[in-house]
Each structure stands twice: as C-alpha cells, then as structure tokens.
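# Results of the structural survey
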Amino acid sequence: MMSMTQPAHAPADHPKVKFGKVGVLLANLGTPDDYTYWPMRRYLGEFLSDKRVVDYSPWIWQPLLQLIILTKRPFSSGAAYKSIWNEDQGESPLLTITKDQTAKITARMKEKYGERIEVDFCMRYGNPSTKSKVRQMVERGCDRIVFFPLYPHYAGATSATANDQLFRALMEEKWQPSVRTVPAYFENAGYIDALAQSIETAYAKIEDRPDILVCSYHGVPKRYLMEGDPYHCQCQKTTRLLKERLGWADTEITTTFQSRFGPEEWLKPYTVEEVARLAEEGKKKIAVCAPAFSADCIETLEEINEEIKESFEEAGGEQFTYIPCLNDDDAHISALSLIIDDNLKGWLD
C-alpha cells in the first residue's frame, strides 16, 4: 500500500493524515548527551530510576540515588565516557555505531521494499527518545511498526524496559499504530555465524593463539534468574552454539558476567575476577568478546578494554586481546536484516 494523506472520497475539510507505511524502529540502551556533570547526571538519573534496572523500593532507593549516587557518580562515569568519547562527532561511540547500523539497514530495507518502509533508531535512555521517534514515524505515515530492541538476549532490564517505553509512547498516539516487538535472537544462526566470523578474523591476526576465549556478558542480579528471567540461560546457550560453530573444545571458551552494581550477588563468575584467576592458573594469553552487546559502548571500550584488562595483567597475564562487538560489520547487518524480514511477514509481502 502506498502512503496516503487523505482517505478516498473524503470531504475537502477532512484532516490530512499520512498512513500506509511500515516503520522499523531499532532500539538500544542509550547515551548521555555529553560527559560533563549535568548531562551525565540526567542520563544516570533516568537510567537508575528505571524499576526494571533497580527494583528496590523507591522510598529507600530514590533518597540514596538523588542525594548520594547522583552527586558523585556523574564525575567518575563522565571520566570513563571522556576516555572513549568520539570527539570528532561530539557523541558517544554507541551513538555513532547505532547511526552506522541504521544507515546500512535502511539501505537494505529500501532496496527490498522501496518507499513503503521507514527505518530509524531510538534510545531507551537519553536521546533520541523512543517517544520522539514513534511520533516521527506516525507523522511519516507508519501505521505499523516493527520495534527491534538490539539485545540478542532477553532480560527484564534491557528488552523488557525498551518495550515498556514503546508502549508508553503508543499511549499518547491518537491513531495508534499496530506493533510487533522482535524477540531475543541469541540462538539465531546468522547472529551466531557473525560472532564466529568475528572471532576467526581476530584470531587470524593474533600471532600467539590465546589460551582461552572469555565470552563476557553484562551481568544481572542472581535474584532475577531465580525469579524467572531467562537471560542467564540464553547467554550460556550462545556460548555453547558459538563453541560448536567454531569447532572448539570446552577448554577453549568460557562464560563470565561483568558490570556488577550494588551489594547483592550477581550472576557468576564475575569477569573481572575470572580473568585474574585464569592468569594465576597459567593462562597468560586470553581474548575477550562481548556477545550480549550489539555495539561497542562504555561497558566494552572502557570496562573490558581498561578495567578488566588491568585485572588480568596485574594477576600476571601477558597477552590480552579484546575482540570488538559486531557493530556495523556486514555479517551482523545481514543477520539483523533477515530478522527484520521475518518480522515484516504479512505486512510487506
């Protein structure tokens, strides 16, 4: 169906409303607008106030957050962001990469579906907001939207909160578009193959083959697993499928979890501790990848490539190789595009 601005046979004074297009809205976590204090405070305040992320009672959590954490943490987080900031474009690497991914996916979608489709991206926290992008898509005539959280693995603190924000945005639309939310793709063959290719390419450039590959996934409290969140199991399956695709032995690859926050127990083993343990037991050469991230960001460029690397080297490690996220790699873009095609079925066939 072509985009229309007015129903057929409508009277002359009928309001002009565009309709008939399908939107594809990619969603990622988010980014501060800058690494200085106030932009960092706004971003962290929005992120850490999300009950999907921190589910403590607001009567306890908000005073602690507003009076203590948001007074101090913008400085340390801002310094971390500054160390990786894309100064040429005045934005975080996550924003730069997401723009590049969107441009490549747009080209593929337009080539296949023409002007019937609109592709854009949004962030759960910060800008561009989910609400603003839903509004733009409706204004462009999208009466159906495929919403794609760019998280291979489902977690309440990632996929679910992204969907929550989409649903909030839809509540404000007079003519609410039909929507499809893309499920987790942790076992998708194209995604696993793209991961494997990135590992093979990186290993081919390393003179001394690493003793082990550490697949470091973003952590969540262990309590979430016990309450039914499937994230832990999906991460473990991705590592197993990657191992099988590479044809490796169990001893050549392992699963760990990073980015622990707060006092309670999180999914183990913790990456920062495990890399030190590996060094101490004689594995002096390791590689680290981050399969749960669709784009390099603060948790990979700063935490893995600086903090976790330092932990490994202080424990006696000698060779640390960080393998970048899939980002806008062609194999990754192909995998994501095929997933979008599957979720468009019946709408643009």
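So, a few notes on the structure that sits alongside this text.

## Some details on the pattern of salt bridges
Inspection of the entire model under this criterion finds 31 salt bridges. Here Asp120 makes a salt bridge to Lys133, at a shortest N to O gap of 3.2 Å. Pair noted here: Asp120 is in strand 2 (residues 117–126) and Lys133 is in helix 4 (residues 130–139), with a separation of 13 residues, a long-range link. When sorted by exposure, Asp120 lands in the same class as Lys133, which is buried.

## Re the side chain of Glu91
Relative to the helices and strands, Glu91 resides in the loop between helix 2 (58–84) and helix 3 (93–113). A polar atom in the side chain of Glu91 sits 2.8 Å from the side chain of Lys99. Apart from the residues within four sequence positions on either side, Glu91 is in contact with Trp85, Asn86, Thr96 and Lys99.

## Some words on helix 8 (residues 231–246)
With 16 residues, helix 8 ought to run about 22 Å at 1.5 Å a step, and its terminal C-alpha atoms sit 23 Å apart, in line with that. Every buried residue of helix 8 is listed here: Tyr231, His232, Gln234, Cys235, Thr238, Thr239, Leu241, Leu242, Lys243 and Leu246. Here the buried face of helix 8 lies against helix 6 (189–204), strand 5 (212–218), helix 7 (222–226) and strand 6 (253–258). Of the residues one or two after helix 8, Gly247 is the one with positive phi, at around 75°.

## As for the packing of helix 9 (residues 271–280) against helix 10 (residues 298–314)
The N-to-C vectors of helix 9 and helix 10 enclose an angle of 25°; their axes lie 7 Å apart at closest approach. Overall, the two elements helix 9 and helix 10 adopt an arrangement that is roughly parallel. Both helix 9 and helix 10 take part in a crossing whose hand is right-handed. Between helix 9, through Thr271, Val272, Val275, Ala276 and Ala279, and helix 10, the contact on the second element is made entirely by Ile308, Ser311 and Phe312.

## Quick word on the environment of Ala27
Within the secondary structure, Ala27 is located in strand 1 (residues 21–31). Each C-alpha atom of the pair Ala27 and Glu302 lies 22 Å from the other, and the pair is 275 residues apart in sequence. Among all residues touching Ala27, those that are not within four sequence positions of it are Cys122, Phe147, Phe148, Pro149 and Leu150.

## Notes on the packing of helix 1 (residues 37–48) against helix 2
Direction vectors running N to C along helix 1 and helix 2 enclose 130°, while the axes themselves pass 8 Å from each other. Taken together, the axis directions place helix 1 and helix 2 in an arrangement best described as oblique. The chirality of how helix 1 crosses helix 2 is right-handed. Contact residues: Tyr37, Met40, Arg41, Tyr43, Leu44, Gly45 and Leu48 in helix 1; Trp61, Leu65, Gln66, Ile69, Leu70, Thr71, Arg73, Pro74, Phe75, Ser77, Gly78 and Tyr81 in helix 2. The class makeup of the residues in the contact of helix 1 with helix 2 is twelve nonpolar, five polar and two charged.

## Considerations on the pairing of strand 6
Burial within strand 6 is extensive, with six of its six residues counted as buried. Examined bridge by bridge, strand 5 and strand 6 share six bridges and lie parallel to one another. Residue pairing for strand 6: Leu213 is matched across the bridge by Ile253.

## Describing the nonpolar core
Core analysis: the biggest nonpolar cluster contains 74 residues, and Phe148, Leu213, Tyr231 and Leu344 have the highest contact counts within it. For this core, the element with the highest residue contribution is helix 6, accounting for eight residues. When neighbours within four sequence positions are excluded, Leu344 is seen to be in contact with Val22, Val24, Met109, Tyr113, Ile117, Val146, Arg180 and Asp349. Ranked by size, the runner-up nonpolar core spans 33 residues in total, among them Leu48, Cys122, Leu166 and Leu170.

What counts and how
- Residues numbered from 1 in each chain as written.
- Predicted model: local features only at pLDDT ≥ 70, side-chain atom pairs only at ≥ 80, totals over all residues.
- Heavy atoms only, no water.
- Salt bridge = Lys/Arg side-chain N within 4 Å of Asp/Glu carboxyl O.
- Helix = DSSP H or I, 4+ residues; strand = E, 2+ residues; numbered from the N terminus.
- Buried < 20%, exposed > 50% of the residue type's maximum accessible area, 1.4 Å probe, protein only.
- Polar contact = N/O pair within 3.5 Å; in protein donor to acceptor, adjacent residues only side chain to side chain.
- Contact = heavy atoms within 4.5 Å.
- Expected span 1.5 Å × (residues − 1).
- Axes fitted to C-alpha atoms, helices over the stretch in contact; angles between N-to-C directions.
- Parallel < 35°, antiparallel > 145°, perpendicular 65-115°, else oblique.
- Left-handed = near helix turned anticlockwise from the far one by under 90°.
- Nonpolar A, V, L, I, M, F, W, Y, C, P; charged D, E, K, R; others polar.
- Pairing = 2+ DSSP bridges.
- Core = buried A, V, L, I, M, F, W, Y, C linked by side-chain atoms within 4.5 Å.

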